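Here is how the chains run, residue by residue.
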Amino acid sequence: MTILGIETSCDETSAAVVRDGREVLSCVVHTQPQHQPFGGVVPEIASRCHIRLLPGIVKQAVAESGVGWHGIDEIAATRGPGLASSLLVGWSLAKGLAMRLGKPLRAVHHMEAHLHSVFLDPAAPDPHSVYPMLGLAVSGGHTSLYRMPAFGRLELIGRTVDDAAGEALDKAAKLLGLGYPGGPVIDKLARTCTPHQGIFPEGRIGDHAATGGLNPDLCLSFSGLKTALLRRVETAPPADEAAVAQLACDYQEAVVGAIVRRVEKALNGARYLAVGGGVSLNSRLRTLLADVCRKRGVGLLLALPRHCGDNAAMIAGLAGTGRGILSPAAFDLDIDPSWPSADSVA
């Protein structure tokens, strides 16, 4: 199967062609710079950019794949979760394109696709050979843990109850005057310092109601951490660039450390840990996860850097495994900005 994938869940406009779920023939990604002055994604700007750019990006992806329109077997697109106005652009184009070409249409779950992105690395094992597996999807909009006992089975077991990790890092960068997006800048600065433990608090969740019934020990909260940094900056502003770098380092350590501790608690019985999403590029997170997996005898699967952020290759790749909702049912679906992973079945 050669599948054309479309991804517009947030501010990346992307199209890709993937063969048999793993062989990336082309992947075009455009990250919108228009959001930088606002310090975050503005949904209306994002959707307008998608409308303007997506048709050309789809044509480019098909051309670069070398298979031509006649070589596309199926159209897949992100149905959710994500920003409603952004999702609508990609899903509508995918529907129209599938109808025009007479091809099947498949609705794909964005977070499950992030976890599949690790298998786009040719060196990764066969996707059917790694279970039971633990999945960590960590990005600007989501920080979630999934128990994956078998191929095609996902159970959400932990998540952030407020800010996602990427959002927490972006907000910290804004407070420190480091610009947007903040995650890469904080990561770069943090490499110049030695992290101090316990400088910032770790959010704890003691109420099942706040977690939607999930185990509080596997859930996260970053809003209090952000507030602690704000108070620190207000009461004792960093005197120089070195002090800013140390604050960034200590803050990152609190974010990353909280994630890694939840992962370690959830690893029982897992043969592999799969990590996807833009924040999975963070060098400190990768180091600490590698240490935990080595200690526990668990294989660590990380996406290639070009597949960590939002991209259509992961959408087409997951579709190529048969996951998602296939037409004719897909043609009757609307977008679902809060689509639960449990519903994203073939």
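Residues numbered from 1 in each chain as written. Predicted model: local features only at pLDDT ≥ 70, side-chain atom pairs only at ≥ 80, totals over all residues. Heavy atoms only, no water.

A. Representation of the overall build of the protein chain within the structure. Summing up its helical and strand segments, the protein chain has 9 helices and 11 strands in all. In terms of overall dimensions, the protein chain is globule-like: its C-alpha atoms have a radius of gyration of 20 Å, near the 20 Å expected for 346 residues. In terms of its C-alpha atoms, the protein chain occupies a principal-axis envelope of roughly 60 × 45 × 40 Å. Burial status across the protein chain gives 52% buried among its 346 residues. As displayed, the protein chain offers around 14200 Å² of accessible surface, 54% of which is attributable to carbon and sulfur atoms. Computed over 32 positive and 33 negative side-chain charges, the inter-centroid distance for the protein chain is 2 Å. (Helix = DSSP H or I, 4+ residues; strand = E, 2+ residues; numbered from the N terminus. Rg over C-alpha atoms; globule rule 2.2 N^0.38 Å. Buried < 20%, exposed > 50% of the residue type's maximum accessible area, 1.4 Å probe, protein only. Areas by Shrake-Rupley, 256 points an atom, 1.4 Å probe, with all protein chains shown as cover. Lys, Arg positive; Asp, Glu negative; His and termini not counted. Charge placed at Lys NZ, Arg CZ, Asp CG, Glu CD.)

B. Geometry of the environment of Phe38. Along the chain, the position of Phe38 falls in the loop between β3 (23–31) and α1 (43–65). Sequence separation between Phe38 and Gly179 is 141 residues; the distance between their C-alpha atoms is 9.7 Å. Leave out the neighbours within four places in its chain, and Phe38 touches Ile45 and Lys174. (Contact = heavy atoms within 4.5 Å.)

C. Region of interest: helix α2 (residues 84–101). For α2, which comprises 18 residues, the first-to-last C-alpha distance of 26 Å matches the rise-based estimate of 26 Å (1.5 Å per residue) to within 8%. Burial in α2 covers these residues: Ser86, Leu87, Val89, Gly90, Trp91, Ala94, Lys95, Leu97 and Ala98. In this structure, the buried residues of α2 make contact with β1 (2–7), α1, β4 (74–80) and β5 (105–109). Remark: Gly102 follows α2 within two positions and exhibits a positive phi of approximately 70°. (Expected span 1.5 Å × (residues − 1).)

D. Examining the pairing of strand β2 (residues 12–19) more closely. With respect to burial, β2 is a largely interior element, 7 of its 8 residues being buried. Relative to β2, β1 runs antiparallel, the two being bridged by 6 bridges. Pairing of Leu4 across the sheet is with Val17, part of β2. Adjacent in sequence and paired antiparallel, β1 and β2 are bridged by 4 residues. (Pairing = 2+ DSSP bridges.)

E. Quick look at the packing of aromatic side chains. Under the criterion given, the structure shown has 2 aromatic pairs. Where Tyr131 meets Phe151, the ring centres are 6.4 Å apart and the plane angle is 75°; that geometry is what we call edge-to-face. Remark: Phe151 occurs in the loop between β7 (143–148) and β8 (155–159) and Tyr131 occurs in the loop between α3 (110–116) and β6 (133–138); sequence separation between them is 20 residues. Accessibility expressed as a relative area gives 14% for Tyr131, which makes it buried. Judged by relative accessible area, Phe151 falls into the partly exposed class, the value being 28%. Centroid distance Phe200 to Tyr251: 5.8 Å. Interplanar angle 75°. Geometry classified as edge-to-face. On the criterion of sequence distance, the pair formed by Phe200 in the loop between α5 (183–190) and α6 (223–235) and Tyr251 in helix α7 (residues 241–266) is long-range, its members being 51 residues apart. Just as Phe200 is buried, Tyr251 falls in that class too. In this arrangement the basic side chain of Arg79 is found over the ring face of Trp339, its NZ or CZ atom lying 4.8 Å from the centre. (Phe/Tyr/Trp six-rings, centres within 6.5 Å; stacked < 30°, edge-to-face > 60°. Lys NZ or Arg CZ within 6 Å of the ring centre and 35° of its normal.)

F. Local environment of the sheet that holds β4. Strand order in the open sheet formed by 6 strands is β3-β2-β1-β4-β5-β11, and the pairing between neighbours is mixed. In this open sheet, the two edge strands, each paired with only one partner strand, are β3 and β11 (325–326). Two strands pair when backbone bridges link them, and β2 and β3 are joined in this way by 8 bridges, in the antiparallel orientation. Within the sheet, the bridge partner assigned to Arg19 lies in β3 and is Glu23. Of the strands in this sheet, β1, β2 and β3 are in contact with α1, which crosses β2 at around 25°. The strands that α2 touches are β1, β4 and β5; relative to β4, the one it contacts most, it runs at about 155°. (Axes fitted to C-alpha atoms, helices over the stretch in contact; angles between N-to-C directions.)

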